[in-house]
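Spelled out, the chains give:
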Amino acid sequence: MTGDSRYEIHQDAYIKLVLHSLKHRSSAVNGVLIGRSSADGAAVEIVDSVPLFHSQIGLLPPLEIALIMIEEYYGEKGLSVVGYFHANERYDDLELAGVAKNIGDHITRYFPEAALLLLDNKKLGDLPKGKDRSPVLQLYTKDASTWKLAGSKGSNQLTIKEPSANTVLLDYISSEKWNDIVDFDDHLDDISKDWLNTELFA
Amino acid sequence: MVSKTEEEQVNRLENQVDNGGGGAWEYLCLVRKLKLRRSDKVLKYGFSILNDSKKRSALGPEEWTLYEQVAIAAMDCQRLDLAKEYIKNLQRKFPGSKRVGRLEAMLLEAKGSWSEAEKAYSSLLEENQFDQVIHKRRVAMAKAQGNISGAIEWLNKYLETFMADHDAWRELAEIYVSLQMYKQAAFCYEELILSQPTIPLYHLAYADVLYTLGGLENLHAAKKYYAATIDLTGGKNTRALFGVCLCASAIGQLTKGRNKEDKDGSELPSLSAVALDKVYKKQSPTKISLLSSTLKNLKISL
């Protein structure tokens, strides 16, 4: 259970999370990761993601409704919640917020290898400069009772399935694609908005 | 705080200007009036007006208000070069002005020169200790530097003097929620409800905080405030409808096996469920099955 795992995130799931953060630059945002364990149990596949909130992240009611609906929808497809994503309010803040840890703890109760991803703004800002193919996210996993940051030397690694994901991401950023992202907050304010973002990459 | 119609109006204008349909000045005025933070658009449209000498002179004295608005937007977008230029123009037009002095201090803040900005704000405050904007910039600076406890301290001090500033109470409540200090957040919302009891947003936020605090008493109270929100919004607030269902479910779980008197026998949960069902059928039919399973999960029957 606390053995090292590889974490592989699909491009669409990855891009949704970053675009969501870019849509709400002056607030913290969060989301959940959807996926499954690989057949051999040595890796976790993050197949999709659902952007959740951009305001009052510490409140339970919207989170509970969102999780019920998300688990219901993805459960039918044989997928479950395998992690949590968080982007802090401030540019240079890489501290793991209490709320993030709490929600992460809750998820590990159902999926012990849950991944906690934190947006790394500096890495995101540096993307246009280099040819970095690694995700602009920090990976945390639960080790006993604390969340530990995965280093580049450890075997807990986060990779993006599609190697050109960052190029696609930069493309979307320049076309301001973040405007089209819908999160659960948007849905609760106007339920005609689709938190599944089915049309986003269509 | 904006109403739904106001937000729709602004978005419509924004779309119009985005697609070349004109109306930039109306948009900028509306954003200013509603105190919205849309800095990238304000910068883009403001810049195009200010850069065009014909458009600029057509504004008359409003030109200077626009300089101020776009300077602030430029700082928000880290275009400090533009901000500096606009502030210089304002300095030339209004030498010795406190209002421009405030912008200069904000520029220091935007640069990250915290101690210089702090000095500038302090000296401005010496001359006018009731300048609310400057007090709030102090809070913003503390927040920007990651000194959240400092921000809370400043904000509390500010509210001792300016206790009618609802935006400040909301900001404080939101900071408390982000730190999971729910009791303190509840206090802020109580103040807001006391002073503005007909604003549904406060009842809703208070209910959310009470639910998060948990415990039977808080859940019952949360249910009342969700009900108040439903009342004040004519049943149109989805969050409040869900809130009622969540409360009923949580109360049911806590009172399992207790006497019937402790149980909650009102019709409110099922009425909310019916309302949710109706609105999902109309506006989000693809998600109706998810709604049904959610209600089933919460043990609410239609």
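Just above, that's the structure.
**Student:** Please give an account of the packing of helix α5 (residues 62–76) of chain B against helix α6 (residues 80–93) of chain B that cites residues and values.
**Tutor:** Residue and element names in this part refer to chain B. Relative orientation of the contacting elements α5 and α6 amounts to 150 degrees, with a least axis distance of 8 Å. Viewed along their axes, α5 and α6 adopt a mutual orientation that is roughly antiparallel. Classified by chirality, the crossing of α6 by α5 is left-handed. For the pair α5 and α6, the contacting residues are Trp64, Tyr67, Glu68, Val70, Ala71, Ala74 and Met75 in the first and Leu80, Leu82, Ala83, Tyr86, Ile87, Asn89, Leu90 and Lys93 in the second. Its residues assigned to classes, the contact of α5 with α6 shows twelve nonpolar, one polar and two charged.

**Student:** If you had to explain the pattern of salt bridges to someone new, which residues and values would you point to?
**Tutor:** Counted under the stated rule, the structure contains 27 salt bridges over all chains. A:Arg90 is the salt-bridge partner of A:Asp92, the closest N and O atoms lying 3.6 Å from each other. Among the residues examined, A:Arg90 registers a relative accessible area of 22% and is labelled partly exposed. Of the charged contacts in the structure, one is a salt bridge between B:Arg37 and B:Asp76, with a shortest N-O distance of 2.9 Å. One end of the pair, B:Arg37, is in the loop between α2 (24–34) and α3 (39–50); the other, B:Asp76, is in helix α5, with 39 residues separating them in the sequence. Among the ionic contacts, a cluster of salt bridges with common partners joins A:Glu89, B:Lys143 and B:Glu171.

**Student:** Can you lay out the sheet that holds strand β6 (residues 137–143) of chain A for me, pointing to particular residues and giving the numbers?
**Tutor:** Residues and elements named next belong to chain A. Within the open sheet, the eight strands sit side by side as β7-β6-β5-β4-β2-β3-β1-β8. Their pairing is mixed. Both outer strands of the open sheet, β7 (146–149) and β8 (157–160), are each paired with one neighbouring strand and no more. Each neighbouring strand pair of the sheet contributes to a mean axis angle of 35 degrees, computed without reference to strand direction. Relative to strand β3 (residues 43–53), strand β1 (residues 6–9) runs parallel, the two sharing four bridges. Across the sheet, residue arginine 6 finds its bridge partner in β3, namely alanine 43. Docked against the sheet, helix α1 (residues 11–23) engages β1, β2 (29–37), β3, β4 (80–87), β5 (115–119), β6 and β8, running at close to 30 degrees with respect to β3.

**Student:** Residues and numbers for the side chain of A:Asn30, please.
**Tutor:** Of note, A:Asn30 is situated in strand β2. Among the polar contacts made by the side chain of A:Asn30, one reaches the main-chain amide nitrogen of A:Phe53 at a distance of 3.1 Å.

**Student:** How would you explain the interface of chain A and chain B if you had to name every residue and give the values?
**Tutor:** Interfaces are often sized by the amount of accessible area the parts lose when they come together. On the chain B side, the residues contacting the 29 residues of chain A number 34 residues. For the pair chain A and chain B, the summed buried area comes to about 2,700 Å², and 59% of that belongs to carbon and sulfur atoms. Considering only the side of chain A, the residues that lose the most area to chain B are A:Gln56, A:Met69 and A:Ile191, jointly responsible for 22% of the buried surface there. B:Lys143 is the partner of A:Glu89 in a salt bridge, and the nearest nitrogen-oxygen pair spans 3.3 Å. Counting across the chain A and chain B interface gives 14 residue pairs in polar contact (both at pLDDT 80 or more). Elements supplying a minimum of two residues to the side of chain A that touches chain B: α2 (60–75), α3 (98–110) and α6 (184–189) of chain A. Residue classes in the side of chain A that touches chain B are distributed as 13 nonpolar, seven polar and nine charged.

**Student:** Go over the packing of aromatic side chains, please, and point to the residues and values.
**Tutor:** In this structure the tally under the stated criterion is 14 aromatic pairs over all chains. The interplanar angle of 80 degrees and the centroid separation of 6.3 Å between the aromatic rings of A:Phe53 and A:Phe184 together place this pair among those described as edge-to-face. On the criterion of sequence distance, the pair formed by A:Phe53 in strand β3 and A:Phe184 in helix α6 is long-range, its members being 131 residues apart. For A:Phe184, a relative accessible area of 0% corresponds to the buried category. Between the aromatic rings of A:Tyr73 and A:Tyr74, the centroid separation amounts to 4.9 Å while the plane-to-plane angle is 85 degrees, which identifies the pairing as edge-to-face. Taken together, the aromatic side chains of A:Phe53, A:Tyr73, A:Tyr74, A:Phe184 and A:Trp195 make up a single cluster linked through ring pairs. Geometry around A:Trp178 places A:Arg25 over its ring, the cationic atom sitting 4.6 Å from the centre. Geometry around B:Trp154 places B:Lys157 over its ring, the cationic atom sitting 4.7 Å from the centre.

**Student:** Talk me through the pairing of β5(A); I want residue IDs and the actual numbers.
**Tutor:** Residues and elements named next belong to chain A. Burial of β5 is extensive: five of the five residues sit out of reach of the surface. Sheet topology places β4 next to β5; four bridges connect them, and they run parallel. From the neighbouring strand, tyrosine 84 faces β5, where its bridge partner is leucine 116. Sheet analysis places β5 next to β6, joined by five bridges and oriented antiparallel. The residue bridging leucine 117 from the neighbouring strand is leucine 139, located in β6.

How each quantity is defined
- Residues numbered from 1 in each chain as written.
- Chains lettered and ligands numbered in written order.
- Predicted model: local features only at pLDDT ≥ 70, side-chain atom pairs only at ≥ 80, totals over all residues.
- Heavy atoms only, no water.
- Axes fitted to C-alpha atoms, helices over the stretch in contact; angles between N-to-C directions.
- Helix = DSSP H or I, 4+ residues; strand = E, 2+ residues; numbered from the N terminus.
- Parallel < 35°, antiparallel > 145°, perpendicular 65-115°, else oblique.
- Left-handed = near helix turned anticlockwise from the far one by under 90°.
- Contact = heavy atoms within 4.5 Å.
- Nonpolar A, V, L, I, M, F, W, Y, C, P; charged D, E, K, R; others polar.
- Salt bridge = Lys/Arg side-chain N within 4 Å of Asp/Glu carboxyl O.
- Buried < 20%, exposed > 50% of the residue type's maximum accessible area, 1.4 Å probe, protein only.
- Pairing = 2+ DSSP bridges.
- Polar contact = N/O pair within 3.5 Å; in protein donor to acceptor, adjacent residues only side chain to side chain.
- Buried area = accessible area lost by both parts, 1.4 Å probe.
- Phe/Tyr/Trp six-rings, centres within 6.5 Å; stacked < 30°, edge-to-face > 60°.
- Lys NZ or Arg CZ within 6 Å of the ring centre and 35° of its normal.

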